[in-house]
Amino acid sequence: MSDPDEELAALVKKVRARDPAAEAALHGRYRRFVERRLAEARERRNWFWLDDQEDAVQETFVSFFAAVRDGRFAFEGESRLKGFLVRTAWFVAMNAKDKAPKTRTVSLTVGADDDANVIDVPSFVASASDRLARRECTERLYAAIQSLVDSRRDVVLRTLAGEKVREIVKATGKTAAAISGLKFNAFKELKVKLEENGFVRDCGADTFSVAAEDAS
Amino acid sequence: MTKPAVTKPSNDHPTEDLLARIADRDAEVDAAQVAHVSTCATCSAAVSAFRAVDATLSFFAPRWRNLCPDRSELFALRSGELHGFVKQDVEKHLAACPFCRDDVADLDALETAGAPSLVVRWAKGALSLIENALGDLVPSPAPALVRGAEASEGSLAIARAVGDARLEVLLAPARTGVALVARLTDAKGEPLRFRMELARDGMLVEGQESESGRVHLDELAAGRYELVLYRPGSRAPACEVSLDVRGEATAA
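Attention in this report is confined to the structure presented alongside it.

Cut-offs applied
- Residues numbered from 1 in each chain as written.
- Chains lettered and ligands numbered in written order.
- Predicted model: local features only at pLDDT ≥ 70, side-chain atom pairs only at ≥ 80, totals over all residues.
- Heavy atoms only, no water.
- Phe/Tyr/Trp six-rings, centres within 6.5 Å; stacked < 30°, edge-to-face > 60°.
- Helix = DSSP H or I, 4+ residues; strand = E, 2+ residues; numbered from the N terminus.
- Buried < 20%, exposed > 50% of the residue type's maximum accessible area, 1.4 Å probe, protein only.
- Lys NZ or Arg CZ within 6 Å of the ring centre and 35° of its normal.
- Patch = residues over 30% accessible without salt bridge, like charges linked within 9 Å, V, L, I, M, F, W, Y side chains within 5 Å.
- Areas by Shrake-Rupley, 256 points an atom, 1.4 Å probe, with all protein chains shown as cover.
- Salt bridge = Lys/Arg side-chain N within 4 Å of Asp/Glu carboxyl O.
- Lys, Arg positive; Asp, Glu negative; His and termini not counted.
- Charge placed at Lys NZ, Arg CZ, Asp CG, Glu CD.
- Contact = heavy atoms within 4.5 Å.
- Buried area = accessible area lost by both parts, 1.4 Å probe.
- Polar contact = N/O pair within 3.5 Å; in protein donor to acceptor, adjacent residues only side chain to side chain.

### A look at the packing of aromatic side chains
- As enumerated under the stated definition, the model contains 12 aromatic pairs over all chains in all.
- On the numbers, 6.0 Å between centres and 55° between planes, the contact of F64 of chain A with F84 of chain A is tilted. Separated by 20 residues along the polypeptide, F64 of chain A in helix α3 (residues 53-69) and F84 of chain A in helix α4 (residues 78-99) bring together distant segments of the chain. Each member of the pair, F64 of chain A as well as F84 of chain A, is classed as buried.
- Judged by centre distance (4.6 Å) and plane angle (35°), the rings of F187 of chain A and F50 of chain B are tilted. In this pair, F187 of chain A is assigned in helix α9 (residues 176-196) and F50 of chain B in helix α3 (residues 41-60), connecting two distinct chains.
- Note on F50 of chain B: relative accessible area 3%, which makes it buried.
- Here a set of aromatic residues connected by ring pairs shows up, and it is made of F61, F64, F65, F73 and F84 of chain A.
- Sitting over the face of the ring of F33 of chain A, K82 of chain A holds its NZ or CZ atom 5.1 Å from the ring centroid.

### A few points about a negative patch on the surface
All names here are of chain A.
- Taken together, the side chains of D52, E54, D55 and E59 present a region of like negative charge at the surface.
- Locating E59 in the fold gives a position in helix α3.
- On the basis of relative accessible area, E59 is assigned to the partly exposed category, the value being 36%.

### Concerning the interface of chain A and chain B
- Tallying the contact residues gives 75 residues for chain A and 71 residues for chain B.
- Together chain A and chain B conceal approximately 6,700 Å² of surface at their shared face, both sides included; 60% is due to carbon and sulfur atoms.
- Linking chain A to chain B there are 18 residue pairs in polar contact (both at pLDDT 80 or more).
- No other element matches α4 of chain A, which puts 10 residues into the side of chain A that touches chain B.

So yeah, pure geometry; function would need other evidence.
Structure (structure tokens):
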């Protein structure tokens, strides 16, 4: 390890020992680096949801110091330290993105053309991780949706994509009463299909009953 | 002390579309109809069943990310730390999920930001200076985007009050497409901070935070947009407006 690295290694060791002066030294040294990376990524990627960049910088360092103290970060050179800071800043930014209003929708369709805002349903269903034990449940749910008649399936897929009734009205040209009525009958039919294909028994026992409790 | 008025439940079962709206907790449904549901076992069961399906769909909806791998796995994939079937699993999901692809693109931007992006910014800045200089020599085409308006910084497409502030949206021709400028000012004309999102056909097209009370978007294609404005510290929209880039603006 070079001399500058040895100095850094010593600082990191002190942070692990909860030395506030060492934390302040590392913060002072790399604050601008994190700030610049966040600012440039924010501009390039249009992170309109990142309201408070300074807050994100501080949170990055808080998380970084916690990782050092917990032994989740081991110093192996300045390059790795910077890489870890970038990784931490990414997680902080993504948490902020999760909290932003969900205004973005995607279209759900079968056999989609290549379009960044369209999810091809069969591909998405097949990609649901088995390790999350959800692929089979997802397949049953989407199979039930696919078996609905066109108008009902369309309303359900749009609901899944995050569209509200008024947005579905605008997109389809139908009246609000027609869409609400379609939605009611679609959900009624879907519930029967999910009971028949074992989704409620095998997968929905938790989600369905929790959903029913939340619904009441 | 007077007791609050009790709504008498309707004797008639609500229609299916009304039941759906009651299940959706639509505040505009007649109170008598809502009261009926709480006294009618059949209607109450129908509403509960609707909400159960709705909540299940929410859980499995792609945008809530319950079917997505943990972000630490996305990071590990990008860092070359995943192998075997786990790697295949995550790659397969990435190919199918625009939300995860968005996250990975954000990571790429963070990792590759640095000197090259500064060079690009300087180059853009230099180009902008040259364009501005040329603009004095080459007259820009007269905008005919908003009827009855004159070209200045652009043609005023929207002017309306947003609480105690004033929103103005101007349109002008750009090198390609249309340029949009939105500005929010207080009663004294001082600029106010805001965030603006522009959507078309339900898809988010642009979202930006104001610089000095102003948002400038270039290269908008002609079409009908929904403009949503947020004030700092609030997740509820302060203003929602429909905007026809080649016609008159209409309020939402």
